Amino acid sequence: MNKRLLGALATVVIGVAIIAGVGSYVANAKNDSGVLAATPAGTMDTPQGNLPHATLAISVYPDSMWRNKGKVAHPGYVSYGPVTNFEVPAHSVITMTVTNYDSGESLNNDYFAHVRGTIDGSATLNGVRITQISTHAVGHTFTIHGLAVNQDEMFVSVPMQAVAEENIPDAGYTSKPNVTVFTFVTGGPGDYVWNCEYPCGDGSIAKFGHAMSTMGYMSGHFTVKG
Amino acid sequence: MTELMEPQTPQWWKKADVKKTFILWIICTAVIGYVGVEFHVRNIVAPASENMSSIISLIRIFTWAAAPVAGLVSAMSITVLTSGRHYGDNPPPEADHEIRNSPKTTAVWIVVSGLLCLFALVGGLVVLQHDNEAILDTKAVQVNVVAQQWVWNFDYPNGARSEDLYLPVNKPVVFHITSKDVKHSFWIVQMGIKMDANPGYTTETAVTPDKIGVFDIRCAELCGLLHAYMQTKVHVVSQADYDAWLTAQAAMEAGA
């Protein structure tokens, strides 16, 4: 075979192999934790009428040691789990239960200490109805927002009460987590994102670095499927 | 004895390549101006404020003002690329235009370019400054804008708060903009205002919405992981609807 042709062919093959290798590495390193689909739970009466009902149950941990026995890229990062990508049905009522095992500090923006976007603007914290919590006792928030173009608007933001410092064990997770339950109604299909609005990461800029700026820890996708 | 007559060279503007360039210049200017205005302006969103209408008009004028410059460059490029190639060490005699090294030509070029730049500067400043006059209007609606990775929230004087912006139509609005973390940029797309949101500082800008409807707010400063999702809506409503919304929202916030 012509040497030039062979050289060109080899260059193409090596180039494709390098691109494929880099792509595979990036795909494996992106911390995409998979998708958790909401569990159907019959129907529920809401101000918008009787709608299909689905539930989601997630937790917030002070680190990522729970995930694959800590064998993750950043075992020290605070994280939501078991996954950070969620899928819920459109035009339905969704009940989310968030169990918070983490402590907290003061919010830098009290807007996120209020419950927003849920049915009647409330949630329950350990069984007690709340519309807001103290800005000085916020562990995290679960805040859904998204692109404002070509899909229904959706904004849901619920603060998670911090676990008191005295209830945080030296090792493992507290046996007295705070459980927050809230319910909201979805619109039409759309791709949204969620993130924590309590600056619980690290870095020099307002603690919005590290876990806050890495997909798969304190942020993820929230897909409303038709 | 008869003196030898030197062959007369035609004046430079009578030369074939100059005529060709001149005709191409006119054609290129017309095409570039028309296509630039039509395609550019058509792709800009419909304006929802006088400010944005002025910006679109300005873009149209600037495009036409720039078209002759782009047209001349294009025409000269076409002429050069389509002319016959000259082989040899020295330039061909016909290339020896009087225009080369002409102080007059240089002066005209500098003056015209300078005037175009000055026109762009003054025109731009006048248009961009227009709505900022509302900052001094004591009757303007005052809204605090807070940016935070990766959402906006808005505070109104009566205690109302929201993540969507609500504004009354045909009333000047002053925005006091800040950030809780990194640098963002508050951009109301259809109203033609864009202002940086800086942590620790409050910047101000103003606009008078002149169309009822729902418009887009985006962050125009790359601000981190979910920057692309840092979008929300602005609802421009009648004064009566705005008052009703404001009252209800304040009551909800107080009860929350």
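Residues numbered from 1 in each chain as written. Chains lettered and ligands numbered in written order. Predicted model: local features only at pLDDT ≥ 70, side-chain atom pairs only at ≥ 80, totals over all residues.

Remarks on the overall build of chain A
Helices and strands together make up the secondary structure of chain A, namely one helix and 13 strands. Along chain A, from the amino end to the carboxyl end, the secondary structure elements read α-β-β-β-β-β-β-β-β-β-β-β-β-β. Projected onto the principal axes, the alpha-carbon positions of chain A cover approximately 80 × 45 × 30 Å. Counting only residues that meet the buried cut, chain A has 35% of its 226 residues in that class. Put simply, 68% of the contacts in chain A that link residues at least 6 apart link residues at least 24 apart. (Helix = DSSP H or I, 4+ residues; strand = E, 2+ residues; numbered from the N terminus. Buried ≥ 20, exposed ≤ 12 C-beta atoms within 10 Å, placed from the backbone. Contact = placed C-beta atoms within 7 Å.)

Considerations on the nonpolar core
Counting residues in each nonpolar core, the largest one holds 83 residues, and the members touching the most others are Met218 of chain A together with Val145 of chain B. Every residue in contact with Val145 of chain B, bar those within four places of it in the chain, is listed here: Trp152, Phe154, Phe175, His176, Ile177, Phe186 and Ala197 of chain B. (Core = buried A, V, L, I, M, F, W, Y, C linked by C-beta atoms within 7 Å.)

Brief notes about the packing of helix 2 (residues 50–82) of chain B against helix 3 (residues 103–130) of chain B
Residues and elements named next belong to chain B. Where helix 2 meets helix 3, the axes come as close as 9 Å, and the angle between the chain directions of the two elements is 170°. As far as their axial angle goes, helix 3 and helix 2 are roughly antiparallel. Residue-level inspection shows Asn51, Ser54, Ile55, Leu58, Ile61, Phe62 and Ala65 of helix 2 in contact with helix 3, the latter providing Leu116, Phe119, Ala120, Gly123, Gly124, Val127 and His130. By residue class, the composition of the contact of helix 2 with helix 3 is nine nonpolar, five polar and no charged. (Axes fitted to C-alpha atoms, helices over the stretch in contact; angles between N-to-C directions. Parallel < 35°, antiparallel > 145°, perpendicular 65-115°, else oblique. Nonpolar A, V, L, I, M, F, W, Y, C, P; charged D, E, K, R; others polar.)

Some points on the environment of Thr131 of chain A
Residues and elements named next belong to chain A. Checked against the element boundaries, Thr131 lands in the loop between strand 8 (128–130) and strand 9 (138–146). Accessibility expressed as a C-beta count within 10 Å gives 16 for Thr131, which makes it partly exposed. In this structure, the C-alpha to C-alpha distance between Thr131 and His221, residues 90 residues apart in sequence, is 25 Å.

Some points on the domain arrangement of chain A
Taken domain by domain, chain A holds domain 1 (1–30) and domain 2 (35–225). Here the C-alpha centroids of domain 1 of chain A and domain 2 of chain A sit 42 Å apart. (Domains from an automatic or database assignment.)

Quick word on the confidence of the model for chain B
Of all residues in chain B, 93% attain a pLDDT of 70 or more, and the chain-wide mean is 88. For this predicted complex, the interface score ipTM comes out at 0.82, while the overall pTM is 0.82. (pLDDT = per-residue confidence, 0-100.)

Remarks on the sheet that holds strand 4 (residues 165–168) of chain B
Residues and elements named next belong to chain B. Pairing within the open sheet is mixed, and its five strands lie in the order 4-10-9-6-7. What marks the edges here is a single partner per strand, and that holds for strand 4 and strand 7 (193–197). For this sheet the average axis-to-axis angle between neighbouring strands, irrespective of direction, equals 25°. For strand 6 (residues 184–188) and strand 7, the ladder comprises five bridges, and the chain directions are antiparallel. Paired with His184 across the two strands is Ala197, which belongs to strand 7. Seen against the sheet, helix 4 (residues 239–255) touches strand 4 and strand 10 (231–237) and runs at an angle of roughly 140° to strand 4. (Pairing = 2+ DSSP bridges.)

Quick word on the interface of chain B and chain A
The partner chain A presents 25 residues to the 22 residues of chain B that form the contact. It is strand 10 of chain B that contributes the most residues to the side of chain B that touches chain A, three residues altogether.

Things to note about the sheet that holds strand 1 (residues 141–148) of chain B
Residue and element names in this part refer to chain B. Read from one edge to the other, the open sheet built from five strands follows the order 3-2-1-5-8, with strand pairing classed as mixed. Bordering the open sheet on either side are strand 3 (161–162) and strand 8 (203–207), each of which pairs with just one other strand. Of the pairings in the sheet, the one linking strand 2 (residues 151–155) to strand 3 comprises two bridges and is antiparallel in character. The residue bridging Phe154 from the neighbouring strand is Ser162, located in strand 3.

Details of helix 3 of chain B
Here helix 3 of chain B spans 40 Å end to end across 28 residues, near enough to the 40 Å set by a 1.5 Å rise per residue. Taking burial as the measure, the 28 residues of helix 3 of chain B include one buried ones, a minor fraction of the element. (Expected span 1.5 Å × (residues − 1).)

Focus: the domain arrangement of chain B
All names here are of chain B. Domain annotation of chain B identifies domain 1 (12–81 + 106–132) and domain 2 (137–255). Facing the eleven residues of domain 1 at the interface are 15 residues of domain 2. Broken down by class, the residue content of the side of domain 1 that touches domain 2 amounts to six nonpolar, three polar and two charged.

As for the pairing of strand 9 of chain A
Residue and element names in this part refer to chain A. The buried fraction of strand 9 is high, at nine of nine residues. Relative to strand 10 (residues 156–161), strand 9 is paired through six bridges, and the arrangement is antiparallel. When the bridges of strand 10 are listed, Thr141 appears paired with Pro159. As defined by bridge partners, strand 9 adjoins strand 12 (residues 190–195) across four bridges and the pair is classed as antiparallel. What sits directly across from Thr143, in strand 12, is Asn195.

Structural notes on the environment of Ala162 of chain A
Residue and element names in this part refer to chain A. Looking at the element boundaries, Ala162 is found in the loop between strand 10 and strand 11 (178–185). For Ala162, a count of 23 C-beta atoms within 10 Å puts it in the buried group. Ala162 sits 105 residues away from Ala57 along the chain, and the two C-alpha atoms are 18 Å apart. Ignoring anything within four residues of it in the chain, the contact list for Ala162 reads Asp102, Ser103, Gly104, Ala137, Val138 and Gly139.

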